[in-house]
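Commentary on secondary and tertiary structure
These are the residues of each chain, in order.
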Amino acid sequence: MKTKVTKLLSVILTFVMLTSTLSAFAITANAEPAYKTTKIKGIAYTYYIKDGTACVLYATAGSSIKNVIKLASRIKGKKIKTIGYIETRESKAKTLIIPNCVERVGPTDRESLTGVTSFTLETIKIGTGLKTIKFNPFCCGKNFVVAKGNKHFSSEKGVLYNKNKTALYAYPADRKAKSVTIKRTVKTIKERAFCYSNVKTINLNNVEKVESDVFYRSKVTKVKLGAKLKYFTAEAFSNYEYSLKKIELNKKNKHFKLKNGVLFNKDCTKLVLYPPYRQGKTYRIPKTVKTVGKNAFYTDFDSKKLKKVIVPSSVTVVESGAFASDELEANIPSKVKIIGNRAYRGSGIKNAKLPKTVTSLGYEAFCSCFKLTSVDISKAKIKTIKQFTFCATNVESVTIPKSVKTVKMYAFDSDKLKRVTVKGKDTELKRYAIGNYAGYEEKPTVVAPKGSKAEKFAKKYKFNFEVLK
């Protein structure tokens, strides 16, 4: 049940962020008019007009298209320059054609819906005009073909590269190959290049940089890191499900170190990635480690073998999503300074006692921690409690110290919260900062100094109020 609730909350939060992103995009696009829709030869387009050209957010191929999906070059006489999301599941076509006029494909940000999906698509043909691919929107197919006149991209053996083949942009997701060795000329693997891939083993060969989300929802179980690799983080696997069991590292690599199957930087001061299917229920982080990297222990809800992580006092930085694994037990280190966004989100932490060394606490840091019953932030030197920080926990009572100046929206959004003590007279509670806004009528009691901002908040939003003695 908790897993379902966590997934539901994740969907809701993603929707909120996506809505905010689209709203921000509309503002930065000089307040473009509302998106319009039209249908051309069996394909539905959601678009807007900017600078005399058509920008397509969604293109959806209907079931009437049987063999070839050929996207339009113009809408209402306006040339199409950008296409975000292409949906092809209803069609049984085997070929998709990106017209020569299109200069960019892919969503505006990684939070947006991702790309071409199909059960039958085999070949994706890219025209001469394409200049930019963002977040690889091609999540299917067996073969890429790039027009010879394209100055920015090329294809070889059905794989999509930049023109000089130093960057790999997309590997066909529906290929059946179990093992792939990256071409020796390739120095960079671009975002989501292997998204939804069936490949089990990948040899990075001469690759120097692996960007975020490269293996998004892929089936990779083993990755071989080469001697020249300089940039690689757990964000390469940032998604809700991945199956990594083993990492291999070339002994000549000067930037990373593999220790008992766990990846660190060279001097072992930063833990980079713990493979979620590595054997063992408990892991003790070495005392040399000062930083636990982004998403280092992140796993899907039910895929992990690891149950508990023992974090030493040497760790001063817990980066975003470091322990964001369903019900994983990981303690807060006693000298930690920075706890990043979503650092413990959904984990099995029971007591969040922040030490006096804490100066930064990220949004959603302890969101959806259903076993969390105690929060102590009395000694932490934080000025702001951000959005969703302690959202959806089992904490019943919390005291907010004078050092905190602002508690932002949904920071303590929970139906379990019964009492909130605010010690500072000037501490500001933003609307929806406390209580529950998912349909529950019961509100927690606010305890604060008389005449304080918290008292004004309580009266304005009809919370019970008690004067702090």
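Residues numbered from 1 in each chain as written. Predicted model: local features only at pLDDT ≥ 70, side-chain atom pairs only at ≥ 80, totals over all residues. Heavy atoms only, no water.

1. Side note on the sheet that holds strand 41 (residues 465-467)
- Read from one edge of the open sheet, 4 strands run 34-37-40-41, paired in parallel fashion. Two strands lie at the open edges of the sheet, namely strand 34 (397-400) and strand 41, each paired on one side alone. Neighbour-to-neighbour, the strand axes of this sheet turn through a mean angle of 15°, independent of strand direction.
- Bridge analysis of strand 34 against strand 37 (residues 419-422) gives 4 bridges, and the strand direction is parallel. In the strand pairing of strand 37, Ile 400 is matched with Val 422.
- Contacting strand 37, strand 40 (445-448) and strand 41, helix 2 (residues 453-460) runs over the sheet at an angle of about 155° to strand 40. (Pairing = 2+ DSSP bridges. Helix = DSSP H or I, 4+ residues; strand = E, 2+ residues; numbered from the N terminus. Axes fitted to C-alpha atoms, helices over the stretch in contact; angles between N-to-C directions. Contact = heavy atoms within 4.5 Å.)

2. Here's the deal with a positive patch on the surface
- Positive charge collects at one region of the surface, where Lys 94, Lys 142, Lys 176, Lys 178, Lys 200, Lys 219, Lys 245 and Lys 305 lie side by side.
- Relative to the assigned elements, Lys 200 resides in the loop between strand 16 (188-189) and strand 17 (201-203).
- For Lys 200, a relative accessible area of 36% gives the class partly exposed. (Patch = residues over 30% accessible without salt bridge, like charges linked within 9 Å, V, L, I, M, F, W, Y side chains within 5 Å. Areas by Shrake-Rupley, 256 points an atom, 1.4 Å probe, with all protein chains shown as cover. Salt bridge = Lys/Arg side-chain N within 4 Å of Asp/Glu carboxyl O. Lys, Arg positive; Asp, Glu negative; His and termini not counted. Charge placed at Lys NZ, Arg CZ, Asp CG, Glu CD. Buried < 20%, exposed > 50% of the residue type's maximum accessible area, 1.4 Å probe, protein only.)

3. Thoughts on the pattern of salt bridges
- All chains considered together, the criterion is met by 15 salt bridges.
- Glu 156 is the partner of Lys 165 in a salt bridge, and the nearest nitrogen-oxygen pair spans 3.9 Å.
- Judged by relative accessible area, which is 17%, Lys 165 ranks as buried.
- Judged by relative accessible area, which is 26%, Glu 156 ranks as partly exposed.
- As a salt-bridge pair, Lys 190 and Glu 211 come within 3.1 Å of each other at their nearest N and O atoms. Here Glu 211 lies in the loop between strand 18 (209-210) and strand 19 (222-225) and Lys 190 lies in the loop between strand 16 and strand 17, a separation of 21 residues in the sequence.
- Among the charged side chains, a salt-bridge network with shared partners connects Glu 156, Lys 165 and Lys 183.

4. Re the state of the cysteines
- Across all of its chains, the model carries 0 disulfides by this definition.
- Left unpaired, Cys 195 is separated from the closest cysteine sulfur, that of Cys 139, by 3.8 Å.
- Cys 195 gets classed as buried once you look at its relative accessible area, which sits at 0%. (Disulfide = S-S within 2.5 Å.)

5. As for the side chain of Thr 95
- Secondary-structure assignment places Thr 95 in strand 7 (residues 95-98).
- For Thr 95, a relative accessible area of 16% translates into the label buried.

6. Some remarks on the confidence of the model for the protein chain
- Within the protein chain, residue pLDDT values average 89, and 89% of them lie at 70 or more.
- Segment residues 1-30: pLDDT under 50, and 35 contacts once partners within four positions in sequence are set aside and those in other chains are kept. (pLDDT = per-residue confidence, 0-100.)

7. Structural notes on the pairing of strand 1 (residues 36-40)
- Examined bridge by bridge, strand 1 and strand 2 (residues 43-50) share 5 bridges and lie antiparallel to one another. Each residue of the ladder has a partner; that of Thr 37, found in strand 2, is Thr 46.

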